[in-house]
Amino acid sequence: MRKSIQTSLARAGARRVAAPGLRPWSLASAVSAILAGAATAQTPPEPASTGPQLEEIIVTAQKREENLQSVPVSIQALDTKKLEELQVSHFDDYLKYLPSLSSQSYGPGQSQLYVRGVTNGGDGLQVGSQPLVGLYLDEQPVTTIANNLDVHIYDMARVEQLSGPQGTLFGSSSMAGTVRLITNKPDPKRFAAGYTLSSESIHGQMGGTIEGFVNVPLSDRMALRLVGYTEHDAGYINNVLGPPETFATSGITRTNASLVKPHYNDVDTHGGRAALKLDLDNGWTVMPTAMAQQTKADGQFSFNPALGDLNVARYTAESSEDRWWQTALTVQGKIANFDLLYSGAYLHRTFDSVSDYSEYSYFYDSYYHHTYAGTACPGPQPDAQHPDPSYASYCESYYGDSFRDNQGNLISPAQSTVTHNLFSKESHELRLTSPKDRRFRFVAGLFLQRQVGHPRDEYRVKNLAAVDSITGQPGVIYLNSQDRLDKDQAAFTELSFDLTRKLTATAGLRYFKYTNSVYGFFGYNGLTNFSYDIGQDADSGQEVFAGYFLGASGEDLCSGTPDPNNHVRPCININSVVSDHGETHKLNLTYKFNDQRMIYATLSTGFRPGGVNRVRSRPPYTPDYLTNVELGWKTSWLDRRVRFNGAVFLEKWKDAQFAISGQNGITEVLNAGRAEIRGLESSLEWAASNNLTLSASATFLHTELKTNACNHASPDAECGSPDNILAPAGTRLPVSPLFKGNLIARYQFPLAGLDAHVQGALVSQSDVVPALEVANVQVLGKQPAYSSFDFTGGVEHGHWSAELYIDNAFDKRGEESRYSACSPTICTNTYVWPIRPRSIGLNFSQKF
């Protein structure tokens, strides 16, 4: 029986709409020529404008507050005003308006982030690679090893997305980029409060949101800010009656008649946030914060196109619950002219879920039955050297007449997965910053992080015999239960020097150390030492059992290693530690033509720590590295009525960590091959008049493997045999579209004494490859291109506003991911994760 914690996945996609033969470097040359011409002209400063201007956006991408236009980093930012205008409240909402950002999702609170197409499509394991993109809530990293937090967006100052390696200032999980969620802070100067009431319909099903905040000055030096929200998202996936399917080995037919239900994937989210700001003497400030959120979801968020639009057939009552809380403390002040900041945080997260796994059981039951029907159980039998009696039971179950209960009766082999994951993260950062108006300035600091994970996945078969169950855990045929510990330490600095009034050089360095350990159990009862491989007989050409292994050195993986918590695990068969150290770098040259236009060039590197594999025969995987060469520009034109920013880049990915399906289908991580990403990202905003604002942003990518990706570690990606090639050199990287962009138009006008507005937004992206492995892509196919339209209209007067919106107005079935329950060559049903169907809603807000 082949087991995999990770199924074949993919992320949303669309037909390619980028022009063939796009050459970002050619575009960069043209842009450079334009800017150089503007610099040569050296026009005098323009007089103060009396017309419309774009509002200034303040960001903290360089660990200090700065105007977005003066920061030589590729940043896409949505400020408070833009977040409200675009109705952003979920992760998926800001994802679609950040063109360089893509994701891979399993459900609410189960997403991995990717920037600029740096992905292999195989992340998301609790015991696997760390994330490629860092997620921050204010100053604290909240990146979790498998899935990122889906923080409800309300009363936020802005969302920042930094492209390219951010390893100098933001650390290991920022190899490809960083996403920062910046909250509004308490203000001792004034009282403020507000609330929003929303009602929404999706295909006739009603949902709604209640949100509110209050900012209370407690004195002239102290303020408290409280935020609360509750939300119900209506379901849109239908669990329909599945076709009658009979398990081949037992003759038992599975049915989901009792679980049939329309619109069954509803979600309820509740949460709140509190922050207390205390201004002390001599410019010192102390701010403790706390935030908690609970998300409960029912059902499945993907559908099976073969059963009809938004229809799926599931045979287990599925659900998930994501609960987390975070406390943080920020202390900042001045020592002489230097700013000193301490930031510490603790995050605790619990994730529980029940998932249907019967499709895996059904297809593998059919596969084994048709392969071995009428034949003797293949492979070695128990003998004096290998007396394990449960091996015979295992072989009989999977190659013989199926599963049985304690009385020997045949039972259904249908499985469900029960998951209970605990995660905690503790982080500390101490940072010293020099005055930003000095010719020489710096940021320097120390960072410490400790992450602990306790993933547990139980694969259950109802009424399974005790002999086939995990010891002491009836009905659990297969178990993953591990303790993972990741420790990171770093020292970093970034130095800037104004070579001239217009030319600035910046150099950054981060030295890091990490330790990664995994301790626990995975496997079957009494068969933790068992694995198999199906080979081919040299004479007959028929498939034969090629053998089993007892671990790297042949020992019984469970002998002599009892688990102190034997009610949790039958034994310990994985106990591995890996550690390493290194550094990342950054070099930057910035030339400012004037206070409205600049150009910059950056060379930066990022890293992701290595780790250990559960399977002893697979050695630990080493860190992978990303080198980024970037040419960017930040410009304002027509007296700040037009803002045109962008960057062209070349990123080289070395020793890329790839997840593959190894022995028993257990996912293993290895370093194999190199990859390259070339691209262009750009944004354009125009205050066309006092009433009309237009904006557009887009990212174009060209991604490819530069060496073969093999099913074994190979520094030179020489796979040894064509059968070992998972993806040949030249293969496009998965998950991210080659084009993603948006257009937004907003018009404001007076109406019967009210301030009215209408807005239209177009989001479009090209097709997406759902997986790295070519064989899987051939079965799953690509996700097609899609475009969706959002429309908004509303009025406001004084302190209140009302707004009607239609998201995905034409109800397009854009695909966010495409996957199968197991290897697509065996599990032939393809599942599609759609963007949210058309939703119509009404908001009413009031601020005091």
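Residues numbered from 1 in each chain as written. Predicted model: local features only at pLDDT ≥ 70, side-chain atom pairs only at ≥ 80, totals over all residues. Heavy atoms only, no water.

Observations regarding the overall build of the chain
Right, on to step 1. Secondary structure assignment for the chain yields seven helices and 44 strands.
Right, on to step 2. Buried positions account for 57% of the 848 residues belonging to the chain.
Right, on to step 3. Taking the intrachain contacts of the chain between residues at least 6 apart in sequence as the baseline, contacts between residues at least 24 apart amount to 71%.
Right, on to step 4. Summing over all exposed atoms, the chain offers an accessible surface of approximately 33,400 Å²; the carbon and sulfur share of this is 57%. (Helix = DSSP H or I, 4+ residues; strand = E, 2+ residues; numbered from the N terminus. Buried < 20%, exposed > 50% of the residue type's maximum accessible area, 1.4 Å probe, protein only. Contact = heavy atoms within 4.5 Å. Areas by Shrake-Rupley, 256 points an atom, 1.4 Å probe, with all protein chains shown as cover.)

Quick notes on the packing of aromatic side chains
Right, on to step 1. One pass over the structure, following the stated rule, counts 23 aromatic pairs.
Right, on to step 2. Look at Tyr195 and Phe844: their rings are 6.4 Å apart centre to centre, the planes differ by 45°, and that puts the pair in the tilted class. Of this pair, Tyr195 sits in strand S10 (residues 192-202) while Phe844 sits in strand S44 (residues 839-847); the two residues are 649 residues apart in sequence, bridging distant segments of the chain.
Right, on to step 3. With a relative accessible area of 30%, Phe844 lands in the partly exposed category.
Right, on to step 4. Through a chain of ring-to-ring contacts, three or more aromatic side chains come together here, namely Tyr195, Trp800, Phe844 and Phe848.
Right, on to step 5. Above the plane of the ring of Tyr315 lies Arg254, whose end atom (NZ or CZ) is 4.1 Å from the centre.
Right, on to step 6. Above the ring of Trp637, the side-chain terminus of Arg597 is found at 4.2 Å from the ring centroid. (Phe/Tyr/Trp six-rings, centres within 6.5 Å; stacked < 30°, edge-to-face > 60°. Lys NZ or Arg CZ within 6 Å of the ring centre and 35° of its normal.)

Notes on the confidence of the model for the chain
Right, on to step 1. When pLDDT is averaged across the chain, the result is 83; 83% of the residues are at 70 or more.
Right, on to step 2. Note on residues 376-401: pLDDT under 50 across the span, and 56 contacts to partners over four residues away in sequence or across chains. (pLDDT = per-residue confidence, 0-100.)

Remarks on a nonpolar patch on the surface
Right, on to step 1. Side chains of Phe440, Leu495, Phe497, Leu499 and Leu589 sit close together on the surface and give an oily, nonpolar patch of about 420 Å² of accessible area.
Right, on to step 2. In this structure, Leu499 sits in the loop between strand S24 (476-498) and strand S25 (503-524).
Right, on to step 3. Leu499 sits in the partly exposed class, given a relative accessible area of 39%. (Patch = residues over 30% accessible without salt bridge, like charges linked within 9 Å, V, L, I, M, F, W, Y side chains within 5 Å. Salt bridge = Lys/Arg side-chain N within 4 Å of Asp/Glu carboxyl O.)

What to know about the side chain of Ser636
Right, on to step 1. Tracing the chain through its elements places Ser636 in strand S30 (residues 624-637).
Right, on to step 2. On the basis of relative accessibility, which here comes to 8%, the residue Ser636 falls in the buried class.
Right, on to step 3. Residue contacts for Ser636: discarding those within four places in its chain leaves Gln69, Gln596, Arg597, Val642 and Arg643.

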